[in-house]
Each structure stands twice: as C-alpha cells, then as structure tokens.
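Summary of structural features
Here's the letter readout for the chains.
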Amino acid sequence: MVYRMQQPTAGSLREEIVTKLAATSKAARDVLVERHNFEQCADYLEQLHTVVYCLHENPELETDVLEPLLREIQIAQNFIASCSCKCRLYIATHAHNVAKHLEDITHSIGIYVRLIPGSTVHEDAKGSVDSLARGMQQAHYEVDEVNSQICRIAELDDETLNLDSTLQRDLLMGIAQAAGVEDINRDSSRLKTEIDLLKRDMQDTKEPYDLHMMDVVGNVYNNMVQQISQGASPSEDPYTMPNHREYRRLEPLYEAFICPLTKQIMRDPVSLENGQTYEKAAIERWLQDCRDAGKETTCPVTNQLITVPPKPSIALRNTIEEWTTRNEQARINIAKVLLTAEASENDVLHGLKDIQVLCRKRSNKYRIRNAGLIPQIVDRLKNSKEARIRALGAVRILAEDDEEAKAVIGQTDIIRQSVKCLARDDNQEREEAVKLLHELSKSYFMCEKIGATNGAILFLVGMTSSNPENMAASNIAEQVLTNLSTCDSNVMQMAENGRLQPLLDRLTHGDAEVRVEMAEALSELTLTTEGKARAGENVSRTLVEMLSSTSSSSEKAAALKALRSISTLETNGSKLMEAGVLVPLMRDLFVVGPNMVPMKLKEVAATILANVVNASGMWESIPIDVDGNTLTSEVIIHNFLHLISNTGPAIEAKLLLVLAGLASKPRAVSKVVSAIKSAGAMVSLIQFLEAPQPDLRVVSVRLLYMLSFYMGQELADGLRVTTRQLSTLVKLIGASGVTEEQAFAAGLLANLPIQDTYLTRALLDEGALPMIVSRINEVKKGVVKSIGGGRHNAAFMKGLVGVLVRFTFQLDDPQFVSVAQEYDLTTLFTELLQTSTLDEVQQSSAQALENLSTKSKSLSVVPIQPTQEPMFPCFPCMAKPPPPKVATCVLHGGLCSVKTTFCLVEADAIGPLIACLDHRNTSLVEAAMGALSTTLMDTVDIDQGVAVLHQADAVHPILTIMQEHRTEVLRQRAVWMVERILRNADMAQAISIDSGVHTSLVDAFRYGNFHAKQLAEKALKTLNKIPQFSMVMQPVAPRKR
C-alpha cells in the first residue's frame, strides 16, 4: 500500500511561514558583519510577517502563493543560518557574494508577495502589500566600504599584490578592522586567531576565489610577522622617522623603551622578577612557548629562571606615553613647517606622509585639526600629482568618523579641488579623490556642499558608466552618489546628468511635498528613451495616485506634467493604462464647476490622453466612469465632439488626436464612425482644415484621413458645402517638401468616392491635376526634401496616384479627355507601372490604363488612304507608282499615339501589364487583367487583339490565372478573355491541347457566377467545334458534396 503525505492546508502553511519568518528575521539581526544589510533583510521579513499573519482564507493562496513562498523563505533561513556560523573575516571577505545572495533571495520572495490575491488582503493594507512587493523586487544591498575594499584588493593577482606594499598595508588594515582588532602591533595574536578561523571556515572549499583568498590573507599576515621580527612596522611605525633635518629636533628614542623581543617601542611594558622589561604580549608568548616545549620558563636576555608572572611596569608605560605625546606634538609642529607654500616638493611629501601616520591615533587627529593643519593640507592639492594623492588621503583619514573635522574641512576649498582631481587622467588620483568624497558624503551638510560644487555630480555619474576604467573607483563613486541622494537638490542634479533612479525613488517613497517637487523636476527633464521607460516602470502608479480627487491642486499639476513627459514613449501607454490613468484624465477633462481644473491643465490632460490612446489598444474595454462607458461609447465620443467645439486650439488639437487614435483601431473605428454620424459632426470637423494653427490643421487632416476609409461620401458631401477646404487640401499637397500632413491630405482625397463627378470637376477647377502630375514627377526623380528622412514619400505617392486616377473615370467628358491628352497621362501611368515598387501605385496605374484604353478606339481616326492615278489619262497602262499608305494602329485600325488616343500598344504598356500577372497581390493582378482586356473589346479587331497578346506572350499567363482561381473576379476576367481568345481559330487549335483549360472552363461553368457561367459555356462550345477534341467533352458527373 502506498501512503501519501497529506498536503498542508492554507492555514497551517500560513502558520509555518509566520514561524519561519520570525526565526529568520531574528537570526539576520544577530549577524555582526555586514550588519546593515542583514538588518535591511530582517526589516523586509518582519513586514512580510505582518502581511502573512493578517491574510484571509482563500483557495488560491495555497498552491499559487504560500507553497512557493515557504520554499523561498526556507532558502533564506538556510543562507542566514550558514552566515551566522561563519567567522567575521569570512563574511567580510565574501561581502560581495553575500550581498548578491541577499538580493536574489529578497527579489524571489518579492515575486510571490506580488502574487498575493487582493481578496485575501484587508482593503487598508493593499497599498502596503504592493509597496512591500515593489520594494523587495527592487531591493539593493550596499557592501560596507572596508569589506568592499578587502574583496577588491584580494581579487588582484599575486604579482600585483607582491609589488605594491600600499595594497598589502590597506588589505591588512581592512582585515584587522573587520576582525575588530584596533592595534595590529599590540593585538597581533588576536588577528592571527581570526585568520585561523577564516582558514577553518574555508578548509574544505574547492572554489578558486576561496583558495586565492586564503593564500593572499596568509601571505600578507606572514609578511607582517616577518617585518615585526626584523624590527619594522607594518603600519609604518611613527618612530621610524625619515632622515630629515626638521626631525632632528625630536626627543631621541631611549633604549629602555625598546622591547628586546619585538625590537619595537613598548606599549604595555611588564617587568620580570630579574628586572628585565618586555612587551607584555611578546613575553607571554615566549613563556608559553617554553611551557609548550616542556622547557623551563627563562628570561630571553639573561636566561634566568622565571617563576613569578610578569608585573605591569606602570611608571615606564607612563614615561613612554609622555615621550610619545611630546614627540607626536613636535611632529605636528614640524608638519606645519613642511606643508607651507614655500616648502620644497620633497618636504611636502615628507610632511604629508607623516600626517597620515600620525592620524592613526584619534587623539592626533584632534591635535592636527586644532593646529590648523587642515587648510595647509588642502592647499597642497595645488602641488604635484604625488603630493595631491597624499593630501587627499590625509584629509580622508582626518575626516573619518569625525563630524567636527568634516565641518572644518567643509570650510576649505577641498571639494572643488577634489572634483578637479576627478577630471584628471590618473586612476590613482581619481580613486583617492572619490574615496575622500565618499567619506565626506556621510555628512548631510557635506552632501549639500558636494552637490553645489560645479561638475561634482557630473563626474561621479560618469565614473559609474557601464565600462569604467577603474572598477574600484566606480564602485566607490556609486556609494558617493547613494549618499548624495539624501539631498533633494542633488537628486535633481543626478537626474539632469542621466542618473534618474534616485529621483524616481524619492517620487515613489517621499511625502506629498517631496512627490510634488520630484514630479515637477521629472516633467522638466529632457528624458532619453531609456529614461522614459524606466520612469514608466517605476512611477506610473504613483503619478496616477497623485491625480486623485482628494489630491491638492499642486499635486495634480505636477503629476499631469510628469505624465505628459513619460507618455510620449509608446511602450509606457500600457503601463499607464494598468495604473488606471484613464479615469482621472477623463474626470479632469470634463468636470465643470468648483472642482474644474484650469484650462492649461486640461490641455495637459488631453495631451496625455492622446499619447496613451495612440500608443496602446488596451483602452477598448476599460470603463472610464461609474456607468461603465468606454472611450468608444457614443456618449463619450459626443462629449469629445462637444468639448472640441467649445474650447481653444491647443485642446482641440489634442482631442482631435484622441479621435484619430480611436479611429486607427479596427475594432473601435465602427463605433467612432457611428457616433460622428449620429452627432452630425462631419462638417464641423472639416472646418478645422482651415485652422490657422499648424498643429490643429495637421491633426484634423490625420483624423479626416482615418475617417475617409469609412465615411468617404460624408466627407465628399461636406467638402461640397464650401470649396475653401478643398482648396486648402490642394494647396497643402502642392506645397514644397513631403510631410506627414501632406501624405494624409493626399490619402484623404484618394479615398473619396471616385465616381463623384462634382468633386472631380471641383478638383480640376482648383488646378489639382497639373499640380499632382508635377508632384509625382518630383517624387519620382527624388528632388523633394522629405521631412522625416523620406518616410512619408511612399504614403504621399500612393495618395497622389490615387487622386490622379479619378480623372480617368470621367473620360466621357471632352474636358477630361483634353487634360488627359495635355498631360500625357498614359505615358505617366505606364512609367509608374514599370518603376514603382508600391503595390497600390501599380494597381492604380493599371486601373487608370484600363480607363484610358477604353477610349482609344473612339479617339483613333481612320485616315483616307491615297488612290493610284494614271500618268496620262489616255494611257491607263502608264500609271504613276502608288503613294505609300498611311500607317495605322493594328489594334484600333486608325491613327494612334500615346498622348492623343491613349493606345496601350503605342505606349508599350502591354509588357509591364503582363509582368504584373504573377504578382502575389490579387488586387493588382485584377487591375492588370482589366487593362489587358481592353485589347479584346467588341470595339476593336479581336483577332488583332489576340495577335497583340500572343506576340507579347500574354496568353499563357491568362490561362494560368483562370486555372488557379485565386479570386472570383480574376476567374471571371480570365474566362472572359479566354472566350474571346478562343474565337481565333489558330489560338483555339493551340489551346485545345491543354486539358487544364477544359477543366477550368467546366469548373467555371458549374460553380462560377451567372456571367462566368455564360462565358464558360461559350468557350466550351468553341472547343467542341474542334474535331480532335470532341472526345474530351464527356458528360461531367456531379461533384460529390
């Protein structure tokens, strides 16, 4: 029997999660290294604890949220528990990995927090849950500077470390600080213990980083021990002074101060029973080594037996301390001399080096500050590169953990000088400068001063670029910018220089006053596409919330302006829709009375709405009021039309753009058209074509173009009310260049009913035909300057040709025949058919050639042929040679030309038309077939027409089209042409061999429309007259259905 473990219920799962969250957050707060990061993680977990504890019962919770959430929390608990078991140095040397792991854990938990159903959360807590989910998914953990420096140095290769004593010293100092060892010389044994613990934690590892780290830390520590044994100090012992004349004034070092074992000045001297004095830690280690070796405990110098524990030598210690204090004060005074403007470069370097050594004692930092040395050190930033590097380091050490020192430093020119160092090319100088700025930026007062320094934020942002030259400096610059972002003026400067996230964070999490300030700043920025996308992702919901009816007027104004800026990016349209932007926008547009927003803000709201509608189609089903109306509801469209008629040009333009956006969506356009018809608004919309404001005119042309596909007749009727608007459109198309507005205008006229004789005549009266011919030729030759890099040329050309075609539909009127001849339309359309790559242009050209060719027979005049006359009437046999006959068109039997009779044969248009027959666009093929069919009309000699088609190799493509049956129109035209081709006996004989022709004709006879059946029947009868094909015509069985 198989037993299955019972799945926990949502209630028990919730209790288990609550328990684990409490335990995990407590464990996180107990981790001592990188404490700020673990406390930040604990804060998130405690907030989640409250959320989970208050969740309502819901079946969706168990599988969708609670089970995966429990797994993620278990991962977090295991990781934090493993960190708790590690020594301090392990966490410090792995600080970057720890921070990254904490981020991954927090982000993963945040994903499932976002999935918590709204129905399980109390209404008042929904905002907190959303904020927590967003915060956890965007969580970032900053590594402590000391630990970050340890990791960066330890990652360097062995050769670099071995050659750079400064790096070794910095690594050793960082390790000591992370281990809590304040004095390396005095507590070297404690440091060794911490390093041993680190090796223990990494003893079983096979990770390359860990193995390298153990080698690096071990080598640096061994070097320190070796230096101590040789009488040197790893921290540049302050009493091993440079050989400089000024230092001769120092009180000499007394031999009694030196420990015989360490060869260093004693800090905690103790005396043995024989009177010998040693450093306490050194003699205790000596005595312990004797015991461990099973030897007697003896004095290292006299070898006398020691039986009594060492006793503190308080008098000697006091003497050493007093001597040290006197000498350190003297060295400070010497530094004042060495750091003057008159001092040599060598003196300056000596002085700065000694200042850095002195600053390792906190009491000395106080003395240096009181001695007025800080301004002198800052002045040395005007010296050489090496002096600047040392001066920057000295100021940084003085500023560490000392607010009073920072206040004194802030009164100098240090920040401006540091920024100048950031601008230089030397990596070490730039790194020292950014380290100093990082230390200073820990003070809010200094943050303001740094931000106010010209170029500071610009250079810092530049250092954090995606490909920094100095990764260490880049990481520190990142921390400086984080500190500076506590000051709102700095946040706005960062945004101006391309670092937008701090502003977005302040906008999201700040109070009402801060949100207004940040939103106004965001609206004034010139955002890149990436900046707009980031803003849309981060602050869309916050900005929409600021449009609440309970918000202050300043909040609404700032939010609207910011939304206007970010809504110009298409991809932000859907984000703003999801954030609920439609309801407040529509309220602000249409509400009147005391709550009405100012007209300027109505314009902004209309702009946002236009941007959103034109960028996204999500609005189609979103209700925008309590009645459930959407943007395409009739009442809403009527409201738009009413507001358009009763407001200023700026808002009119935006609202027309809204209607254009609505009309551009296939699923919505029918509702828009219906609402405009019911409102009788077409004439009013047409009148905007004469608006003096260019923006308003452009949008009105665009809207009318969208509507022309569905309301062509209404547009034509409206343009008949007055010809001013029609004249405006013609002049617009004729203006120089090619713009989007001109392309829409041409497309608008092309979409109007083509059979409307009045409109065509009005266009002719406005001089449209010669202008259009001229513009087509300009575009063909590429001599026009297109606004937008030529992207409107294609649409403009389609519209121009579409308008020109309408003149070929009125050729029963002699005036239209005359202008077609005058401007040689046949040649123009033939050239377009051959040269254009646009399907629509080729289709229109073929259609126009059909219309023109239809008139060729009536325009072709049959000449009177000259007769033969006798030379002498009395002698008829002696006649003159016959005069040559006048050449006539083989197709039309008269005098033909391209220009006067529109003859396709003379225009060499047959070949280009045939080339269109294998095109994938069936509408183009239909138009080409229509033009070719004019060679077989009743008014022409059909045998000659068949000969023309045969010579041009057109018969086979026509038969293929009939057999393919791509569309019913194509089949009907092909059957019509085949029936006429079969009237030619020779062609009928040749075609009869192809059994597929018979099959296709039978298929057309059985399943085609009435006209196709008649034509197919005639063709089949023609085929039956051929003897050798008589056996083919057998009764055709009905098709199985």
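Naming follows an unreviewed UniProt entry, where the protein appears as RING-type E3 ubiquitin transferase of Ceratodon purpureus. The heading Pathway (unreviewed entry) in the UniProt record of the protein holds the text "Protein modification; protein ubiquitination." Database annotation for the protein, UniProt heading Catalytic activity (unreviewed entry): "S-ubiquitinyl-[E2 ubiquitin-conjugating enzyme]-L-cysteine + [acceptor protein]-L-lysine = [E2 ubiquitin-conjugating enzyme]-L-cysteine + N(6)-ubiquitinyl-[acceptor protein]-L-lysine."

1. Side note on the layout of surface pockets
Computed from the structure, the second largest pocket encloses a volume of approximately 1400 Å³. What lines the second largest pocket is a set of 48 residues, and nearest its centre among them are Q138, H140, Q501, P502 and D505. Counting only elements with at least two residues in the lining of the second largest pocket, the list comes to α2 (35–53), α6 (126–137), α23 (471–484), α24 (488–496), α25 (501–509) and α27 (529–545). The dominant element in the lining of the second largest pocket, judged by the number of residues it contributes, is α2, at seven residues. Looking at the lining of the second largest pocket residue by residue, the classes come out as 16 nonpolar, 23 polar and nine charged.

2. Description of the environment of A154
Locating A154 in the fold gives a position in helix α7 (residues 145–154). By relative accessible area, A154 is classed as buried at 1%. Separated by 63 residues in the primary sequence, A154 and V217 place their C-alpha atoms 7.8 Å from one another. With near-sequence residues (within four places) excluded, A154 lies in contact with H212, M213 and V216.

3. A word on empty space enclosed by the protein
Per the stated rule, a full pass over the model turns up two cavities of 30 Å³ or more. Reported here for the largest cavity is a volume of approximately 40 Å³. Looking at the lining of the largest cavity element by element, the count peaks at five residues for α25. In this structure, the second largest cavity occupies an estimated 30 Å³ of space. Lining the second largest cavity we find C41, Y44, L45, A76, I105, T106, I109 and M136.

4. Quick notes on the nonpolar core
L522, L543, F640, L662, L804 and F829 are the most contacted members of the largest nonpolar core, which has 184 residues in total. Residue contributions to this core peak at 10 residues, all from helix α33 (residues 649–663). Excluding anything up to four places from it in sequence, L804 contacts L769, I772, V773, I776, L825, L828 and F829. Counting residues in hydrophobic clusters, the runner-up holds 68 residues, among them A28, I116, I153 and L171.

5. Re helix α5 (residues 95–114)
Its 20 residues place the ends of α5 28 Å apart at the C-alpha level, agreeing with the 28 Å of an ideal helix rising 1.5 Å per residue. Along α5, the residues classified as buried are A95, V98, A99, L102, E103, I105, T106, I109, G110 and V113.

6. Topic: the side chain of S933
With respect to the element layout, S933 can be found in helix α49 (residues 922–933). On the basis of relative accessibility, which here comes to 14%, the residue S933 falls in the buried class. Polar side-chain contacts of S933 include one of 2.5 Å to the backbone oxygen of G930. In this structure S933 touches W976 and M977, once residues within four positions along its chain are discounted.

7. Let's talk about helix α44 (residues 825–835)
Listed as buried for α44 are L825, T826, L828, F829, T830, L832 and L833. Among the structural elements, α41 (768–781), α42 (793–805), α43 (814–822), α45 (839–854), α47 (898–901) and α48 (910–915) are those in contact with the buried residues of α44.

8. Some thoughts on a negative patch on the surface
Taken together, the side chains of E496, D511, E513, E517, E520 and E524 define an acidic patch exposed on the protein surface. In terms of residue count, helix α26 (residues 512–524) provides more of the negative patch than any other element does, four residues in total. By the element assignment, E520 lies in helix α26.

9. Considerations on the packing of helix α17 (residues 385–399) against helix α20 (residues 427–440)
Orientation of α17 relative to α20, taken along the N-to-C sense of each, is 20 degrees, at an axis distance of 9 Å. Classified by the angle their axes make, α17 and α20 are roughly parallel. With respect to the hand of their crossing, α17 and α20 are arranged in left-handed fashion. Residues K385, R388, I389, L392, G393, V395, R396 and A399 of α17 pack against Q428, E429, E432, A433, K435, L436, E439 and L440 of α20. The class makeup of the residues in the contact of α17 with α20 is seven nonpolar, two polar and seven charged.

10. A look at the packing of α24 against α26
Two elements in contact, α24 and α26, have axes separated by 10 Å at closest approach and are oriented at 25 degrees. Classed by the angle they form, the pair α24 and α26 counts as roughly parallel. Crossing geometry of α24 relative to α26 is assigned as right-handed. Two secondary-structure elements touch here, α24 through D488, V491 and M492 and α26 through V514, E517, M518 and A521. Looking at the contact of α24 with α26 residue by residue, the classes come out as five nonpolar, no polar and two charged.

11. So, the packing of aromatic side chains
Think of a pair of aromatic rings as described by two things: how far the centres are apart, and how the planes are tilted against each other in angle. Tallying each qualifying case throughout the model produces seven aromatic pairs. Their ring planes at 65 degrees and their centres at 5.4 Å tell us that F257 and W323 sit as a pair that is edge-to-face. Taken together, the positions of F257 in the loop between α11 (208–229) and β1 (269–271) and W323 in helix α13 (residues 314–338) put the pair 66 residues apart, joining distant regions of the chain. Take F257 and W323: they sit in the same class, and that class is buried. Taken together, the aromatic side chains of Y705, F709, Y710 and F744 make up a single cluster linked through ring pairs. Seen from the ring of Y90, K86 lies directly overhead, with NZ or CZ sitting 4.8 Å from the centre.

12. Let's talk about unusual backbone geometry
For N303, which is not glycine, the phi dihedral falls at a positive 65 degrees. Taking the relative accessible area as the measure of exposure, N303 reaches 57% and is therefore exposed. In this structure, H965 takes a positive phi of about 50 degrees despite not being glycine. The topology assignment puts H965 in the loop between α51 (955–964) and α52 (968–981). A relative accessible area of 32% places H965 in the partly exposed class.

13. Some thoughts on the environment of P912
Turning to its location among the elements, P912 is positioned in helix α48. A relative accessible area of 12% means that P912 is categorised as buried. Between the C-alpha atom of P912 and that of T835, which follows or precedes it by 77 residues, the distance is 9.7 Å. If near-sequence neighbours (up to four positions away) are discounted, P912 is found in contact with L833 and Q834.

14. Considering the pattern of salt bridges
Inspection of every chain in the model, using the stated rule, returns 42 salt bridges. The partner of E39 in a salt bridge is R35, with the nearest N and O atoms 3.3 Å apart. Taken together, the positions of E39 and R35, both in helix α2 and four residues apart, correspond to about one turn of that helix. For R587, the salt bridge goes to D588, with nearest N and O atoms at 3.4 Å. Within this structure, E403, K406, E439 and K442 form a network of salt bridges that share partners.

15. Quick word on the side chain of N364
Relative to the assigned elements, N364 resides in helix α15 (residues 362–370). The buried category is assigned to N364, whose relative accessible area is 0%. A distance of 3.2 Å separates polar atoms of two side chains, one belonging to N364 and the other to E328. Ignoring sequence-local partners within four residues, the contact set of N364 consists of E328, I332 and L358.

16. Here's the deal with the confidence of the model for the protein
On average, the protein scores 85 in pLDDT, and the residues at 70 or more come to 90%. Note that pLDDT drops below 50 for residues 1–10; the model gives that stretch eight contacts with residues more than four away or on any other chain. Note on residues 229–242: pLDDT under 50 across the span, and 37 contacts to partners over four residues away in sequence or across chains.

Here is what the cut-offs are and how they apply
Residues numbered from 1 in each chain as written. Predicted model: local features only at pLDDT ≥ 70, side-chain atom pairs only at ≥ 80, totals over all residues. Heavy atoms only, no water. UniProt positions renumbered as here; feature names shortened; annotations may be inferred. 1 Å grid on protein atoms, 1.4 Å probe; cavity = no way out; pocket = protein on both sides within 12 Å on 5 of 7 lines; lining within 4 Å. Points joined across faces, edges and corners; volume = space filled by probe spheres on them. Helix = DSSP H or I, 4+ residues; strand = E, 2+ residues; numbered from the N terminus. Nonpolar A, V, L, I, M, F, W, Y, C, P; charged D, E, K, R; others polar. Buried < 20%, exposed > 50% of the residue type's maximum accessible area, 1.4 Å probe, protein only. Contact = heavy atoms within 4.5 Å. Core = buried A, V, L, I, M, F, W, Y, C linked by side-chain atoms within 4.5 Å. Expected span 1.5 Å × (residues − 1). Polar contact = N/O pair within 3.5 Å; in protein donor to acceptor, adjacent residues only side chain to side chain. Patch = residues over 30% accessible without salt bridge, like charges linked within 9 Å, V, L, I, M, F, W, Y side chains within 5 Å. Areas by Shrake-Rupley, 256 points an atom, 1.4 Å probe, with all protein chains shown as cover. Salt bridge = Lys/Arg side-chain N within 4 Å of Asp/Glu carboxyl O. Lys, Arg positive; Asp, Glu negative; His and termini not counted. Charge placed at Lys NZ, Arg CZ, Asp CG, Glu CD. Axes fitted to C-alpha atoms, helices over the stretch in contact; angles between N-to-C directions. Parallel < 35°, antiparallel > 145°, perpendicular 65-115°, else oblique. Left-handed = near helix turned anticlockwise from the far one by under 90°. Phe/Tyr/Trp six-rings, centres within 6.5 Å; stacked < 30°, edge-to-face > 60°. Lys NZ or Arg CZ within 6 Å of the ring centre and 35° of its normal. pLDDT = per-residue confidence, 0-100.

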